[in-house]
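Here's the letter readout for the chains.
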Amino acid sequence: MPRELLVVDDEPQICTALAALFEERGFHVTTVGTAQGALEHLERTPADIVLLDLRLPDGSGLDVLSQIKHQVPTLRVVVISGIGDQDTIREALERGASDYLTKPFDFARCFYTAMGFEAVDLTTVQADPEALARVPVAVAQQYHVMPLRISQGMVELAMADPMDIQLLDELHTLLGADIRQVAIIAGDIAETIRRCYGVGAGVSQSDVRVSRREPALPTPVREESSAETAGVVRLINELIQHAHANRASDLHVGIGAQGPWIQERIDGVLYDVPVAKQLTTLYLSIISRFKVMANLNIAEHRLPQDGRIWFDQGTTKLDLRVSVLPTLHGESLVIRLLEPSRVFQLDQLGLTEEQHGQLAPLLEKPTGLLLVTGPTGSGKSTSLYAFLSKLNTGRASIVTIEDPIEHELPHIAQMQVQPKIGLSFATGLRSMLRHDPDIIMVGEIRDQETANLAVSAALTGHLVLSTLHTNDAASGITRLLDLGIEPFLLCSTLSGILSQRLVRLLCPKCRQSVSVDKASLMAMGITMPGEGTTQLWRAKGCKQCRETGYHGRTGVFELLTVDHHIRSLLIKRMSSTQIRQSAMAQGANSLWQSGWLKMQAGLTSLEELVRILPRELR
Ligand SMILES: [Zn+2]
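Residues numbered from 1 in each chain as written. Predicted model: local features only at pLDDT ≥ 70, side-chain atom pairs only at ≥ 80, totals over all residues. Heavy atoms only, no water.

### Points about the overall build of the protein chain
Next up, step 1: The secondary structure content of the protein chain amounts to 22 helices and 27 strands.
Next up, step 2: Here the C-alpha atoms of the protein chain give a radius of gyration of 33 Å, more than 25% beyond the 25 Å that 2.2 N^0.38 yields for 618 residues.
Next up, step 3: A principal-axis box enclosing the C-alpha atoms of the protein chain has dimensions of 105 × 70 × 45 Å.
Next up, step 4: For the protein chain, with 618 residues in total, the buried portion stands at 50%.
Next up, step 5: For the protein chain, the share of sequence-separated contacts (at least 6 apart) that also reach a separation of at least 24 residues comes to 64%.
Next up, step 6: Carbon and sulfur atoms form 52% of the exposed surface of the protein chain, whose accessible area is close to 29500 Å².
Next up, step 7: Here the protein chain contributes 58 positive and 70 negative side-chain charges, whose respective centroids are spaced 8 Å apart. (Helix = DSSP H or I, 4+ residues; strand = E, 2+ residues; numbered from the N terminus. Rg over C-alpha atoms; globule rule 2.2 N^0.38 Å. Buried < 20%, exposed > 50% of the residue type's maximum accessible area, 1.4 Å probe, protein only. Contact = heavy atoms within 4.5 Å. Areas by Shrake-Rupley, 256 points an atom, 1.4 Å probe, with all protein chains shown as cover. Lys, Arg positive; Asp, Glu negative; His and termini not counted. Charge placed at Lys NZ, Arg CZ, Asp CG, Glu CD.)

### A few points about the nonpolar core
Next up, step 1: L369, L371, I477, L480, L490, L494 and L560 are the most contacted members of the largest nonpolar core, which has 40 residues in total.
Next up, step 2: With residues near it in sequence (within four places) discarded, L490 still touches V455, I477, L480, L481, I485 and L570.
Next up, step 3: Membership of the second largest hydrophobic core comes to 31 residues, among which are V199, I236, I266 and V324. (Core = buried A, V, L, I, M, F, W, Y, C linked by side-chain atoms within 4.5 Å.)

### Observations regarding the pattern of salt bridges
Note on pairing: side chains with opposite charge can pair once their charged atoms come close.
Next up, step 1: Under the defined criterion, the tally for this structure stands at 25 salt bridges.
Next up, step 2: Linking D87 and R90 is a salt bridge whose minimum nitrogen-to-oxygen distance equals 3.5 Å. Of this pair, D87 and R90 both sit in helix α4 (residues 86-94), separated by three residues, roughly a single helical turn.
Next up, step 3: Taking the relative accessible area as the measure of exposure, R90 reaches 47% and is therefore partly exposed.
Next up, step 4: Between E331 and K291 there is a salt bridge, and its shortest N-O distance comes to 2.9 Å. Here E331, found in strand β18 (residues 330-338), pairs with K291, found in helix α11 (residues 278-293); they are 40 residues apart in sequence, far enough to count as distant. Both residues of the pair, E331 and K291, belong to the buried class.
Next up, step 5: Among the charged side chains, a network of salt bridges with common partners joins D9, E11, D53 and K103. (Salt bridge = Lys/Arg side-chain N within 4 Å of Asp/Glu carboxyl O.)

### A short note on the coordination of the zinc ion
The expected angle between donors at a tetrahedral four-coordinate metal is 109.5 degrees. At an octahedral six-coordinate metal it is 90 or 180 degrees.
Next up, step 1: The coordination sphere of the zinc ion, as far as protein atoms go, consists of C507 (SG), C510 (SG), C542 (SG) and C545 (SG), spread over 2.3 to 2.4 Å.
Next up, step 2: One way to put it: the four donor atoms around the zinc ion meet at angles of 106 to 112°, and that makes the site tetrahedral.
Next up, step 3: Sequence spacing among the residues donating to the zinc ion works out to C-x2-C-x31-C-x2-C. Taken together, the residues span a long stretch of sequence, with C507 in the loop between β24 (494-506) and β25 (512-517) and C542 in the loop between β26 (533-538) and β27 (550-561) at a distance of 35 residues. Judged on exposure class, the residue C507 and its partner C542 are both buried. (Donors = N, O, S within 2.8 Å, 3.2 Å for Na, K, Ca; no water. Tetrahedral: all angles 85-135°; square planar, octahedral: opposite > 155°, others 65-115°.)

### Focus on unusual backbone geometry
Next up, step 1: Note the cis peptide between K103 and P104, where omega equals -5°.
Next up, step 2: Of note, P104 is situated in the loop between β7 (99-102) and α5 (107-114).
Next up, step 3: Here the bond from D403 into P404 is cis, since omega is -5°, no more than 30 degrees from zero.
Next up, step 4: With respect to the element layout, P404 can be found in the loop between β20 (398-402) and β21 (413-416).
Next up, step 5: With a phi close to 50°, Q152 is a non-glycine residue in the positive phi region.
Next up, step 6: If you trace the backbone, Q152 turns up in the loop between β9 (145-151) and β10 (154-159).
Next up, step 7: Of note in the backbone geometry, E547 takes a positive phi value of approximately 65° without being a glycine.
Next up, step 8: Within the secondary structure, E547 is located in the loop between β26 and β27.

### Considerations on α5
Along an α-helix, residues three or four positions apart point the same way, because every turn accommodates 3.6 residues.
Next up, step 1: Taken as a whole, α5 has its buried residues at C110, F111, Y112, T113 and A114.
Next up, step 2: N-capping of α5 is provided by D106, with a side-chain oxygen placed 2.9 Å from the backbone N of A108.
Next up, step 3: Looking one or two residues beyond α5, the residue adopting positive phi is G116, at roughly 90°. (Polar contact = N/O pair within 3.5 Å; in protein donor to acceptor, adjacent residues only side chain to side chain.)

### Here's the deal with the sheet that holds β20
Next up, step 1: Read across the open sheet, the seven strands follow the order β21-β20-β22-β23-β19-β24-β27; overall the sheet is mixed. The open sheet has two free edges, formed respectively by β21 and β27, since each of these has just one partner strand. Each strand of the sheet is rotated relative to its neighbour by a mean of 15°, with strand direction disregarded.
Next up, step 2: Judged from the four bridges that link them, β20 and β21 form a sheet pairing that is parallel. By the bridge assignment for β21, T400 is matched with Q414.
Next up, step 3: Those strands touched by helix α14 (residues 425-432) are β20, β21 and β22 (439-442), and its axis lies near 165° from that of β20. (Pairing = 2+ DSSP bridges. Axes fitted to C-alpha atoms, helices over the stretch in contact; angles between N-to-C directions.)

### Digging into the sheet that holds strand β2 (residues 27-32)
Next up, step 1: One open sheet accounts for five strands, arranged β2-β1-β3-β6-β7; its pairing is parallel. With partners counted over all chains shown, the strands left at the sheet margins are β2 and β7, one partner each. For this sheet, the mean inter-axis angle between neighbouring strands, taken without regard to orientation, is 20°.
Next up, step 2: Here strand β3 (residues 49-52) runs beside strand β6 (residues 76-81); their pairing, made up of four bridges, is parallel. By the bridge assignment for β6, I49 is matched with R76.
Next up, step 3: Lying on the sheet, helix α3 (residues 61-71) is in contact with β3 and β6; it crosses β3 at an angle near 165°.

### Re the side chain of T316
Next up, step 1: Considering the arrangement of structural elements, one finds T316 in strand β17 (residues 316-327).
Next up, step 2: Filtering out sequence-adjacent residues up to four positions away, T316 remains in contact with Q241, H244 and F311.

### Some remarks on the confidence of the model for the protein chain
In low-pLDDT regions, the fine details of the predicted coordinates are not to be read closely.
Next up, step 1: Here the protein chain averages 88 in pLDDT, and 94% of its residues register 70 or above.
Next up, step 2: Contacts of residues 203-225 to residues separated by more than four positions or lying in other chains number 36 contacts, the stretch itself having pLDDT below 50. (pLDDT = per-residue confidence, 0-100.)

Below, the structure written as structure tokens:
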């Protein structure tokens, strides 16, 4: 039999919405708009719950409340009112209201309040350590409940359906305690369990498959004795899944005098990961297990080691690069997470339309040297892979030597640098010239021999792509000259240099508009184009972006196309500053100018540009 609900409110929209809300949940709902109507209805039809507005056209809701409670003292009356002052709330409660909701209210909260349940938003909830200790994480995960507090011997559990009697019975038996249900109106239980118990606390039920793959020398896969390692494997799986879900590029696992720590690098910035207590005791097993998975020597604790893990679970396929360092309190691990299937295309890098238009012809040339420059982590290899995937039409033979191979591309012969056996960029480059290539990609030019080989390969009819570790595009030229390349050779081979940085993208959900004037920019050493004030955006932070204000990254670029004008400067061995100024005078966008365009478009913030581009580049 449906329960009876009476809604007393003179606003028709509220009545309609509440009627729909409760009817959907099996109630029979009657709505009235006046004090008189409410009392008359209650005389005819008893109700189980009354929702009562205080401002009624023919009288005060407080008086109606008193009369209802006088006639049926046990009736549950919940006040719903736009009046939110403490005196009114106190008076309503004194007159017998079961609860008081201030308009505007969340409808889910209204339903649970009417039913007599407390309701929580899990995204902001802080669980009591006592409650966490009382409810094992496995129980929380299996039954999808989140312990909040222990009060008067009762365990308060947040649950999706607080009216699930069978679930309550089971939990009562399992925990040996009385349970007070709390309804959830926002937030995700699994995420809250992870946040409050810490990563690694739980045991996920999913079937994990982790296998090893040695890129160069395949070795037979050893199966571990399962019993004691199963828990650690699940924990490692959870760590990797967590990092991947957060879009982390790297996972750091380290230990100091205070115990272990875990951090994730997201959009170039490190963030702490909450760590479960069991991690301290499991630390050695975690490191060992990672080493086994990466095919490293687990008996070696004194030397650095590098390895690789192929992580494959459902749709998550990751190529993990593991680096182990012996540190003071134990070995530390850094795991780079690479998504082999995720290769960017040229138009996804963040080039301006003009830069894209200038770069495309350089890639179509059959010969020449095209370089990408920038510091570590500026996205150079992402750009090289975008170039390669554009060039990879099946009509040209492409050979690469890389360190490391981040993505595997179809029909491309990719070589991994292996210093241990003497395979360097230079030796690889020398050999690959006998492999009939049309296009050559060399991961990095950092010594004279590689520079010479790259230039001579470009000179003998190959398109050569590589990177240099310099601040801007023009410095790339002087670096090559410093490495002993003759200016006339560089003139006839170098076609362009693309310099780049990665900037964080503002979270579109929470970015804030700010107006900035010329004077305050001048104070920061920034010359603003134009006069007056300009409208920019700044990071704020919300749930969507984990309170960072940013979500994702994009490239900002500076493209130096080597034309006759640049060649004339190059042959005279002009300084990088002179080359740079000359390129700008001809209309090329500097890194700063490209960044400024992105900032004006609301994609990034001034703070982010200033963080990424040092003063000399502004
Ligand atoms: Zn946000």
